[in-house]
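Each chain, letter by letter, is given below.
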There are 2 protein chains.
Amino acid sequence: MINVLFAATEQRWSEYEAPLRESFAARDLSVDLRTDFAPEEVDYIVYAPNSPLQDFTPYTRCKAVLNLWAGVEAIVGNQTLTQPLTRMVDHGLSRGMVEWVSGHVLRHHLDIDHYLAHQDGDWAAAHKVPPLAEERGVTILGLGELGRACAEALAQFGFPVTGWSRSQKEIPGITCLSGETGLDEALSGAQILVLLLPLTDETTDLLDAARLAQLPQGAVVLNPGRGPMIVDEALIAALDSGHLRHATLDVFRTEPLPAPHPFWAHPKITVCPHIASETRPRTAAQVIAENVARGEAGRPLKFLVDRSRGY
Amino acid sequence: MINVLFAATEQRWSEYEAPLRESFAARDLSVDLRTDFAPEEVDYIVYAPNSPLQDFTPYTRCKAVLNLWAGVEAIVGNQTLTQPLTRMVDHGLSRGMVEWVSGHVLRHHLDIDHYLAHQDGDWAAAHKVPPLAEERGVTILGLGELGRACAEALAQFGFPVTGWSRSQKEIPGITCLSGETGLDEALSGAQILVLLLPLTDETTDLLDAARLAQLPQGAVVLNPGRGPMIVDEALIAALDSGHLRHATLDVFRTEPLPAPHPFWAHPKITVCPHIASETRPRTAAQVIAENVARGEAGRPLKFLVDRSRGY
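Cut-offs used in this document
- Residues numbered from 1 in each chain as written.
- Chains lettered and ligands numbered in written order.
- Predicted model: local features only at pLDDT ≥ 70, side-chain atom pairs only at ≥ 80, totals over all residues.
- Heavy atoms only, no water.
- Buried < 20%, exposed > 50% of the residue type's maximum accessible area, 1.4 Å probe, protein only.
- Helix = DSSP H or I, 4+ residues; strand = E, 2+ residues; numbered from the N terminus.
- Arc of directions from axis to C-beta.
- Contact = heavy atoms within 4.5 Å.
- Axes fitted to C-alpha atoms, helices over the stretch in contact; angles between N-to-C directions.
- Parallel < 35°, antiparallel > 145°, perpendicular 65-115°, else oblique.
- Left-handed = near helix turned anticlockwise from the far one by under 90°.
- Nonpolar A, V, L, I, M, F, W, Y, C, P; charged D, E, K, R; others polar.
- Domains from an automatic or database assignment.
- Least-squares fit on C-alpha atoms with pLDDT ≥ 70 in both.
- Buried area = accessible area lost by both parts, 1.4 Å probe.
- Salt bridge = Lys/Arg side-chain N within 4 Å of Asp/Glu carboxyl O.
- Polar contact = N/O pair within 3.5 Å; in protein donor to acceptor, adjacent residues only side chain to side chain.

Observations concerning helix α6 (residues 179–188) of chain B
One full turn of an α-helix is made of 3.6 residues, so residues set three or four places apart face in the same direction. Residue and element names in this part refer to chain B. Among all positions in α6, only G182, L183, A186 and L187 are buried. On an axial view of α6, the arc spanned by its buried residues comes to 130 degrees, and they lie on one face. Buried residues in α6 make contact with β6 (138–141), β7 (161–165), β8 (175–178), β9 (192–195) and α7 (209–214).

In structure tokens:
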């Protein structure tokens, strides 16, 4: 019997217990999965950074700490942690992002909202033929793992895709730009703009009034990345003036987005409650189970964190 | 100068004049494009079946009649037509269908309507994480040119795609079924069902109460194919009982769909005004211009109709 301690919040336990049990069973691992053990009996710890468990010293038999999230910044500096630490690389997170971005790009490309608003029996008023994807420029700011996956999915669909990143990239089928001049060009061709940059000092407030004005008339902004990249007031002004057609936002400066925030009631803004990049319990549980199986077989763990580098 | 007669309705002229002029110019063809000529001066006729032109006898110099639509059934039997006849094969039609089907599959897969209905400031009520495409079975009835293109696009996206057709097909990455037993299996796995069969005696009323009952609980029906494949009353009953989640329909038994028809006001039905498979003037004009260029260069025309077969 392998003793696996689940060290995270109650809510996570309710989400992860069943998928973890299924994933262990699918690998024929005899696991005792619980939220409490005597520390010296624990073989593996499934860990989320907001867990009360902070002192790893008594877990003398523990073979590895398996982080549930991609980010390990909250645990990597813990001096009591001497066990191997792995981070989560969940293909569900990347697939979920590609699906969210593609779904909302197609929604705005086809203007599905137009048909939803014309269900009153007036066929002629509803009639409108959208252009083809090949006529609709899409720009993605950020060409990391997620940005690149989205760019490739949209290009496969026929959209002319421009990607912009700090350092120049080369991706077949994508127009890759970088630098300040590249940003001007990326924005001016963005009939649909997707924000997938990491949040840094340079990207905070990136989309201000001046940069929003560079977007073509009628452009749509999708933000599944980080909230502070957009200056909220400037976005509202650009929508109200008619310069932008719509904004669909999944991330915000404050989350949950407070009920009085003007984004909620704005007719040209769709608020999504930070769902584009959720780690999926089912796919994440498969990664955890695979690493337990590897540990038991004496094989190297996947996604091991190099603590000297911090990731 | 090449004299090209545009023989269709006024509305088509307003849609096609500019794209045709652009396409001829792009090929450096000196074309005089008009809606009237002395018949004996005409070199090519761009033709739509609802044109008043029905007697082709006086068009003695005409090198070809270029049909604007894919269907030629209204002209192919015309005994006065001795000139070569081409039909339209517009990649815009196929791409438009793939985009419409993918956009609405993703809309229902992600349940975008849920977020659109939760814009009232209640983050927790809006919160809902959709499954991944790999967990959502999509079935396409009909594996002709359009059905196959849609199946391949959705499979590339990660959906497990089942395709059903009268004769057994083999398409890499798609579970291909046929026959009555195959139809049972195709329907029972269809969390999202897409109708792209041709309309025949066998497919009329195909989706009746019994077949709708075979769909899994919560299934969504998309019909961009032909209206009479669905029994309207049975669809409404299956939605009202809660068995089906939604239907998005682009085609109807009567078009335009009359304002009193219950589909319009039904909260679980989205009516689209037959836009999924529109021939696009821009891409269709390119096909016309290419054939004029081929005719002038003495090369064989593309998409020539074999009048002995009728298509």
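Next comes the rest of the account.
Side note on the packing of helix α1 (residues 10–26) of chain A against helix α10 (residues 281–296) of chain A
Residue and element names in this part refer to chain A. Relative orientation of the contacting elements α1 and α10 amounts to 45 degrees, with a least axis distance of 8 Å. Here α1 is positioned oblique relative to α10, judged by the angle of their axes. Crossing of α1 over α10 shows right-handed handedness. Between α1 and α10, the residues in contact are E15, Y16, P19, L20, S23 and F24 and P281, R282, A284, A285, Q286, I288, A289 and V292, respectively. Taken together, the residues that form the contact of α1 with α10 break down as 10 nonpolar, 2 polar and 2 charged.

Points about the environment of F37(A)
Residues and elements named next belong to chain A. Inspection of the secondary structure puts F37 in the loop between β2 (31–34) and β3 (44–47). Each C-alpha atom, one on F37 and one on L5, is 6.8 Å from the other, the two residues being 32 residues apart in sequence. Excluding residues within four positions of it along the chain, F37 makes contact with N3, V4, L5, D32 and V42.

Some remarks on the domain arrangement of chain A
In terms of domain boundaries, chain A breaks down into domain 1 (2–90 + 279–297) and domain 2 (93–271). Once you take the C-alpha centre of each, domain 1 of chain A and domain 2 of chain A turn out to be 36 Å apart.

Some details on the relation of the copies chain B and chain A
In this structure, two copies of a chain are linked by a rotation about an axis accompanied by a shift along it. Mapping chain B onto chain A is achieved by rotating through 180 degrees and translating by 0.0 Å along the same axis, at an RMSD of 0.1 Å. Taken together, the rotation and translation describe the operation of a two-fold axis. Across chain B, the rotation axis passes nearest the C-alpha of G103(B), at a separation of 3.1 Å. Interface overlap between copies: 100% of the residues of chain B at the interface are likewise at the interface in chain A, consistent with a symmetric, same-surface contact.

Some points on the environment of R245(A)
Residue and element names in this part refer to chain A. With respect to the secondary-structure elements, R245 resides in strand β11 (residues 244–249). According to the relative accessible area criterion, R245 is partly exposed, its value standing at 28%. The spacing of R245 and I192 is 53 residues in sequence and 9.8 Å in space, taken between C-alpha atoms. Apart from residues no more than four positions distant in its own chain, R245 is found in contact with H108, D111, R136, G218, A219, V220, L239 and K268.

Focus: the interface of chain B and chain A
Taken together, the contacts link 54 residues of chain B with 54 residues of chain A. Between chain B and chain A lies a buried interface of about 4400 Å² when both sides are counted; carbon and sulfur atoms form 66% of it. Along the contact surface separating chain B from chain A lie 4 salt bridges. Among the ionic pairs, R282(A) bridges to E134(B), the shortest N-O distance being 2.7 Å. Here chain B is connected to chain A by 18 residue pairs in polar contact (both at pLDDT 80 or more).

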